Amino acid sequence: MTQVTNTPYEALEVGQTASYSKTVGERDIQLFAAMSGDHNPVHLDPVFAAGTMFKERIAHGMFSGALISAAVACELPGPGTIYVGQQMSFQKPVKIGDTLTVRLEILEKMPKFRVRIATRVFNQHDEIVVDGEAEIIAPRKQQTVTLPVLPAISIG
């Protein structure tokens, strides 16, 4: 089990950064398709994908969005954060095997515990694949929590 300490509103500083990384695997694509219901063949069918502008299968765009959510929820500000909004623009396709790094940066502290955060996702070549910005409600107090262990999931 992993313990994580959040950063409450009062301790957040403009310019503060954090990051979160994950390599996109075949299992991730299958699970995301099953969970979301997005069965677009560009994600799942190599023959179909070969005939697209991408020439190969790509990850769901919102998979990157989910990684942004994980970074905000588990890294900065961390547990207790409430999402209010997210703007994203997709810059480059994400391919199976890419290692994505979400980079967060505190842009502005606003009234009522609200915070604007730059949410950018880069691939292993340091190319930006998603550019975005989130608005969140930051935790009011610092706390350390134990993150639950994710359940084992089989594809079938």
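- The protein appears in an unreviewed UniProt entry as Acyl dehydratase from Pseudomonas deceptionensis.

**Structural notes on the environment of Pro 79**
Thinking step 1. Relative to the helices and strands, Pro 79 is located in the loop between helix H4 (61-74) and strand S3 (82-90).
Thinking step 2. The buried category is assigned to Pro 79, whose relative accessible area is 12%.

**Re the environment of Thr 7**
Thinking step 1. Mapped onto the fold, Thr 7 is located in the loop between strand S1 (2-5) and strand S2 (17-23).
Thinking step 2. Note: C-alpha distance between Thr 7 and Glu 75 (68 residues apart in sequence) is 8.6 Å.
Thinking step 3. In contact with Thr 7, other than residues within four places in its own chain, are Leu 12, Gln 16, Leu 76, Pro 77 and Pro 139.

**Quick word on the pattern of salt bridges**
Thinking step 1. Taken as a whole and assessed by the stated rule, the structure comprises eight salt bridges.
Thinking step 2. Between Asp 28 and Lys 22 there is a salt bridge, with the nearest N and O atoms lying 3.4 Å from each other.
Thinking step 3. Overall, Asp 28 belongs to the buried group, its relative accessible area being 16%.
Thinking step 4. For the salt bridge of Glu 135 with Arg 114, the shortest nitrogen-to-oxygen distance reads 2.9 Å. You can see Glu 135 sitting in strand S6 (residues 128-137) and its partner Arg 114 sitting in strand S5 (residues 114-122), a full 21 residues away along the chain.
Thinking step 5. Arg 114 sits in the partly exposed class, given a relative accessible area of 29%.
Thinking step 6. The network of salt bridges with shared partners includes Glu 108, Arg 116 and Glu 133.

**Thoughts on the nonpolar core**
Thinking step 1. Membership of the largest hydrophobic core comes to 26 residues, with the highest contact counts inside it found for Val 24, Leu 100, Val 102, Leu 104, Val 115, Val 121 and Ile 136.
Thinking step 2. Of all the secondary structure elements, the ones that give two or more residues to this core are helix H1 (26-36), H4, strand S4 (99-109), S5 and S6.
Thinking step 3. Ignoring sequence-local partners within four residues, the contact set of Val 102 consists of Ala 18, Ser 19, Tyr 20, Leu 67, Ile 68, Ala 71, Arg 120 and Val 121.

**Examining the UniProt feature "domain: MaoC-like" (unreviewed entry) in the protein**
Thinking step 1. Mapped onto the present numbering, the UniProt feature "domain: MaoC-like" (unreviewed entry) falls on residues 18-115.
Thinking step 2. The span residues 18-115 shows a helical share of 35% and a strand share of 29%, and its end C-alpha atoms are spaced 15 Å apart.

**Considering the sheet that holds S3**
Thinking step 1. Read from one edge of the open sheet, five strands run S2-S4-S5-S6-S3, paired in antiparallel fashion. Each end of this open sheet is capped by a strand with a single partner; those strands are S2 and S3. Strand-to-strand, the axes of this sheet are offset by a mean angle of 20 degrees, without reference to chain direction.
Thinking step 2. Examined bridge by bridge, S2 and S4 share seven bridges and lie antiparallel to one another. Within S4, the position partnered with Thr 23 by the bridge is Thr 99.
Thinking step 3. Against the sheet, H4 engages S2, S3, S4, S5 and S6, with an angle of about 140 degrees to S3.

**Re unusual backbone geometry**
Thinking step 1. Cis peptide bonds are those with omega within 30 degrees of zero, and the linkage from Leu 76 to Pro 77 qualifies with 0 degrees.
Thinking step 2. Counting through the fold element by element, Pro 77 comes out in the loop between H4 and S3.
Thinking step 3. Phi angles above zero are rare outside glycine, and Lys 55 is one such case at about 70 degrees.
Thinking step 4. Take Lys 55: it is sitting in the loop between helix H3 (46-50) and H4.
Thinking step 5. In this structure, Asp 126 takes a positive phi of about 60 degrees despite not being glycine.
Thinking step 6. Among the structural elements, Asp 126 can be located in the loop between S5 and S6.
Thinking step 7. Owing to a relative accessible area of 47%, Asp 126 belongs among the partly exposed residues under this scheme.

What counts as what
Residues numbered from 1 in each chain as written. Predicted model: local features only at pLDDT ≥ 70, side-chain atom pairs only at ≥ 80, totals over all residues. Heavy atoms only, no water. Helix = DSSP H or I, 4+ residues; strand = E, 2+ residues; numbered from the N terminus. Buried < 20%, exposed > 50% of the residue type's maximum accessible area, 1.4 Å probe, protein only. Contact = heavy atoms within 4.5 Å. Salt bridge = Lys/Arg side-chain N within 4 Å of Asp/Glu carboxyl O. Core = buried A, V, L, I, M, F, W, Y, C linked by side-chain atoms within 4.5 Å. UniProt positions renumbered as here; feature names shortened; annotations may be inferred. Pairing = 2+ DSSP bridges. Axes fitted to C-alpha atoms, helices over the stretch in contact; angles between N-to-C directions.

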